[in-house]
Amino acid sequence: MIPLRELAEANQRLHGRVKVTPLQEDPSTGWLLKWENRQITGSFKLRGAMNKVLSLPPGDVEAGLVCASAGNHGQGVAVAGQTVGSRVVVFASENAVPSKVAAMQALGAEVTLVKGGYEAAEAAGKEFARQSGMVWVSPYNDVQVICGQASLGYEVLEQMAGRMLDELYLPVGGGGLAVGVGTVMKNFSPTTRVIGVQSEASAYMHQFFQHGSQAGVVEGESLADGLAGAVEEGSVTLELIRQNVDEMVLVTEEEISRAIAFAWRRYGERIEGSAAVALAAARRIHQPGQLAAVLISGGNIQPATHEKLLVQFPGEGLS
């Protein structure tokens, strides 16, 4: 278990460094939607990256920062690097969403594209960090990153103003958000059921949660690109996920697509596939009479993809 002291320190450290995003209630559904797509970089990933970088000693800051990213973590590290004046190098898959690559570059990151998927980019990034002496900033396998993500849990509870939360739905990739927010809930709202969500197309953490191993997962293409790829062996999140998450569920690519269209037409919010998994799960399994928070983790979707989904599902969210 991550010490509460470290969680509280991270929450305080991030005060004024990240945006307090809105928590919107939809009385007709019993949902409280946490719009983290309105974060400075369009994603919650800024929280973990900023806390990690602000925790580094001066020598590490001078050495520079390296990460692998599908886009959101890289943007977070880039902003954190700007804050402390550090060079940032990001390794990404050649298949990364172009708008996310452009956003990382616009924030000053040097982006290197790697053949293959996220795992190939991560391996290349780690090797570059080893050879260059720059600091590796994992998107999830790092206690300081996890503590930064946990600030989202503190924020939700503060915005709840004492109301009792029955369920909390959140997306799961490497597990940093789930472990961080889940730890906050287990300590300060222990009756809240924490439900992690992944796409069927990349169900590595779900497989580990259910069976204790990631073996046997067959990965396909997914709109939830930020959740794709196997979890690093030995990751601290593998050790902690079962302690802090009550249930893991899978959603289909169609459910993700419909949730993206639903969010736009119902709430006027542009969300990406990695965020839509949580909304998709809530739409399917949330029971009336239960008060649920849905963490909408990001909004960095390729514009053309968003438009295509709105055309494909024209009535979603209108009733």
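Keep in mind the model is a prediction, meaning the values are calculated, not measured.

Rules used in this analysis
- Residues numbered from 1 in each chain as written.
- Predicted model: local features only at pLDDT ≥ 70, side-chain atom pairs only at ≥ 80, totals over all residues.
- Heavy atoms only, no water.
- Pairing = 2+ DSSP bridges.
- Helix = DSSP H or I, 4+ residues; strand = E, 2+ residues; numbered from the N terminus.
- Contact = heavy atoms within 4.5 Å.
- Axes fitted to C-alpha atoms, helices over the stretch in contact; angles between N-to-C directions.
- Core = buried A, V, L, I, M, F, W, Y, C linked by side-chain atoms within 4.5 Å.
- Buried < 20%, exposed > 50% of the residue type's maximum accessible area, 1.4 Å probe, protein only.
- Expected span 1.5 Å × (residues − 1).
- Polar contact = N/O pair within 3.5 Å; in protein donor to acceptor, adjacent residues only side chain to side chain.
- Salt bridge = Lys/Arg side-chain N within 4 Å of Asp/Glu carboxyl O.
- Lys, Arg positive; Asp, Glu negative; His and termini not counted.

Asker: An account of the sheet that holds strand 6 (residues 135-136) is requested, with residue identities and associated values reported.
Answerer: What the 4 strands build is an open sheet, ordered 5-4-3-6; its pairing is parallel. The outermost strands of the open sheet, each flanked by one partner alone, are strand 5 (110-114) and strand 6. In terms of strand pairing, strand 3 (residues 65-68) meets strand 4 (residues 88-93) through 4 bridges, oriented parallel. Bridge pairing in strand 4 links Val66 to Val89. Along the sheet, helix 6 (residues 118-132) makes contact with strand 3, strand 4, strand 5 and strand 6, crossing strand 4 at roughly 150 degrees.

Asker: Tell me about the nonpolar core, residues and numbers included.
Answerer: Counting residues in hydrophobic clusters, the biggest one holds 37 residues, and the most contacted among them are Leu165, Leu168, Leu170, Val181, Met205 and Ile241. Elements represented by at least two residues in this core include exactly helix 1 (4-13), helix 7 (143-160), strand 7 (167-171), helix 8 (176-188), helix 9 (204-211), helix 10 (236-244) and strand 10 (292-296). Formed by 33 residues, the second largest nonpolar core is a distinct cluster that contains Tyr267, Ala276, Ile301 and Leu309.

Asker: Which residues make up helix 7, and what values do they have?
Answerer: Compared with an ideal rise of 1.5 Å per residue, which puts 18 residues at 26 Å, helix 7 spans 26 Å between its outermost C-alpha atoms and is within 8% of the ideal. Among the 18 residues of helix 7, 13 are classified as buried, and the element is accordingly described as predominantly covered. Between the side-chain oxygen at the start of helix 7 and the backbone nitrogen of Gln144 there is a gap of 2.8 Å, and the oxygen is on Asp142.

Asker: If you had to explain the sheet that holds strand 1 (residues 23-26) to someone new, which residues and values would you point to?
Answerer: Reading across the sheet, the 6 strands line up as 1-2-10-7-8-9 and stay open at both edges, with mixed pairing between neighbours. A strand with exactly one partner marks an edge of an open sheet, and here the two such strands are strand 1 and strand 9 (247-251). Each adjacent strand pair in this sheet contributes to an overall mean axis angle of 25 degrees, direction not counted. When strand 1 meets strand 2 (residues 31-35), the two strands line up antiparallel, connected through 4 bridges. Each bridged residue has a counterpart across the sheet, and for Glu25 the counterpart in strand 2 is Leu32. Contacts from helix 12 (residues 273-285) reach strand 2, strand 7, strand 8 (193-199), strand 9 and strand 10 within the one sheet, and its direction differs from that of strand 7 by about 145 degrees.

Asker: Tell me about unusual backbone geometry, and please be specific about residues and values.
Answerer: One non-glycine residue with positive phi stands out, namely Ala161, at about 50 degrees. Mapped onto the secondary structure, Ala161 falls in the loop between helix 7 and strand 7.

Asker: An account of the pattern of salt bridges is requested, with residue identities and associated values reported.
Answerer: With the rule as written, the count across this model stands at 19 salt bridges. Its salt-bridge partner being Lys186, residue Asp246 comes within 2.6 Å of it at the nearest N-O pair. Of the two residues, Asp246 is situated in the loop between helix 10 and strand 9 and Lys186 in helix 8; the sequence distance between them amounts to 60 residues.

Asker: Give me the lowdown on the side chain of Glu122, citing residues and values where you can.
Answerer: Here Glu122 lies in helix 6. Despite its burial, Glu122 pairs with no opposite charge; the closest candidate is Lys126, at 4.7 Å N-O. Contact partners of Glu122, with chain neighbours within four places excluded, come to Ala68, Trp136, Tyr140 and Glu232.

All we've got here are geometric facts, nothing functional implied.
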